[in-house]
Amino acid sequence: MIQVSPSLLSSDFTRLGEAVGIINRSRASMIHVDVMDGVFVPNISIGFPVISSINRVAEKPLDVHLMITDPGRYVSEVRDSGAWLMCVHYEACTHLHRVVSAIHDAGMKAGVALNPATPVEMLEEIIDDLDMVLIMSVNPGFGGQKFIPNTISKVKRTRNMIDRHNSGAIIEIDGGVDLNTAPALIEAGADVLVAGSFVFKSPDPAGAINALADLG
Ligand code: DX5
Ligand code: ZN
C-alpha cells in the first residue's frame, strides 16, 4: 500500500490552516513539512513557531524534513514543535549515528535523507537504526523542480539494502512526484510519496492526494 505525504511548501502560506484541513480530510498518511536554513540549501522556508501552529490543527503525523546544516542542534525544538518523524540529511551531519540516537531518545521516529548525488550505500552501516530513508529526486531547496530519473534505480538499491538487513525502514521519495513519475517509484519499492506542487498547484488538492493514494 502506498502512502502519501503532501508537502505544505507549495501551499498558499496565507491559508496554511486550510491546506492542513484538506490533508486531514484526504487519504494522506502524514504531512510533510520542509524546513530550510539558507545555508544547506539556497532557500529559507519555515521554522519552529510555524510547525507548532501546523501541529495544532493537524490530524495526521508530521513528517519534518530538515534541510539545515548540523540538524542535531535542534532535536528538542523539533520534538517540542510536534514532529512525529525528524528527517535529517546525511550530507548535513558529521556524526550521523549520534544524531539518529538523539532523535530516538527524544521520542521521535528517525529518517535520513540523501541528495541526488549521494549513493544509497552510504547508509549501509546505519540502516538497522532508521525508520525512514528519504531519497531526494530533485536537489533540495525548491518545489516544482523536474524529477531526476536515476532515482528509480536508487530506490531499487535502497529496497535491496533494507531487505538484506531486515530493517524496518520505509522509503520516502521527495521531488517531482506526480501521476507520471509515481508508478515506476512504487514499482521500484517506494513506501511514501511526497508531493508538493502536484497537490497544491492542482485545482483539486484533495483529489490529487487521493489519486496518488489510489496508485498503490
Ligand atoms: C524540496 C522539498 C520538497 C518539495 C517538493 O526541497 O524537500 O518536499 O516540497 O516539491 P515538489 O513535489 O513540487 O517537487
Ligand atoms: Zn521535503
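## Digging into the nonpolar core
Okay, step 1: Membership of the largest hydrophobic core comes to 62 residues, with the highest contact counts inside it found for L8, V64, V88, L123, L130 and L185.
Okay, step 2: L123 has contacts with Y90, L96, V112, L114, L130, V133 and M161, leaving out every residue within four places of it along the chain.
Okay, step 3: Core analysis: the next-biggest nonpolar cluster, separate from the first, contains nine residues, A113, M132, L134 and M136 among them.

## Looking at the coordination of the zinc ion (ligand 2)
Okay, step 1: Every protein donor of the zinc ion (ligand 2) is accounted for by H32 (NE2), D34 (OD), H65 (ND1) and D174 (OD), and the metal-donor separations fall at 2.1 to 2.3 Å.
Okay, step 2: Of note is the zinc ion (ligand 2), whose six donor atoms meet at the metal with angles of 71 to 169° in an arrangement that counts as octahedral.
Okay, step 3: Owing to a relative accessible area of 7%, D34 belongs among the buried residues under this scheme.

## Describing the site of ligand 1
Okay, step 1: Around ligand 1, 19 residues are found, and the nearest of them are S7, G141, D174, G196 and S197.
Okay, step 2: D34 is positioned such that a nitrogen or oxygen atom in its side chain is 2.8 Å from an oxygen atom of ligand 1.
Okay, step 3: Between H65 and ligand 1, the recorded distance is 3.3 Å, taken from a side-chain N or O atom to an oxygen atom.
Okay, step 4: Out of a free accessible area of 380 Å², ligand 1 has 100% covered by protein chains.
Okay, step 5: Counting only elements with at least two residues in the shell around ligand 1, the list comes to strand 2 (31-36), strand 3 (62-67) and strand 8 (192-195).
Okay, step 6: Considering only residue class, the shell around ligand 1 consists of seven nonpolar, 10 polar and two charged.

## Considerations on unusual backbone geometry
Okay, step 1: One non-glycine residue with positive phi stands out, namely D70, at about 50°.
Okay, step 2: Mapped onto the elements of the fold, D70 is located in the loop between strand 3 and helix 3 (75-80).
Okay, step 3: Judged by its relative accessible area of 38%, D70 falls in the partly exposed class.

Parameters at a glance
Residues numbered from 1 in each chain as written. Chains lettered and ligands numbered in written order. Predicted model: local features only at pLDDT ≥ 70, side-chain atom pairs only at ≥ 80, totals over all residues. Heavy atoms only, no water. Core = buried A, V, L, I, M, F, W, Y, C linked by side-chain atoms within 4.5 Å. Buried < 20%, exposed > 50% of the residue type's maximum accessible area, 1.4 Å probe, protein only. Contact = heavy atoms within 4.5 Å. Donors = N, O, S within 2.8 Å, 3.2 Å for Na, K, Ca; no water. Tetrahedral: all angles 85-135°; square planar, octahedral: opposite > 155°, others 65-115°. Near = heavy atom within 4 Å. Polar contact = N/O pair within 3.5 Å; in protein donor to acceptor, adjacent residues only side chain to side chain. Areas by Shrake-Rupley, 256 points an atom, 1.4 Å probe, with all protein chains shown as cover. Helix = DSSP H or I, 4+ residues; strand = E, 2+ residues; numbered from the N terminus. Nonpolar A, V, L, I, M, F, W, Y, C, P; charged D, E, K, R; others polar.

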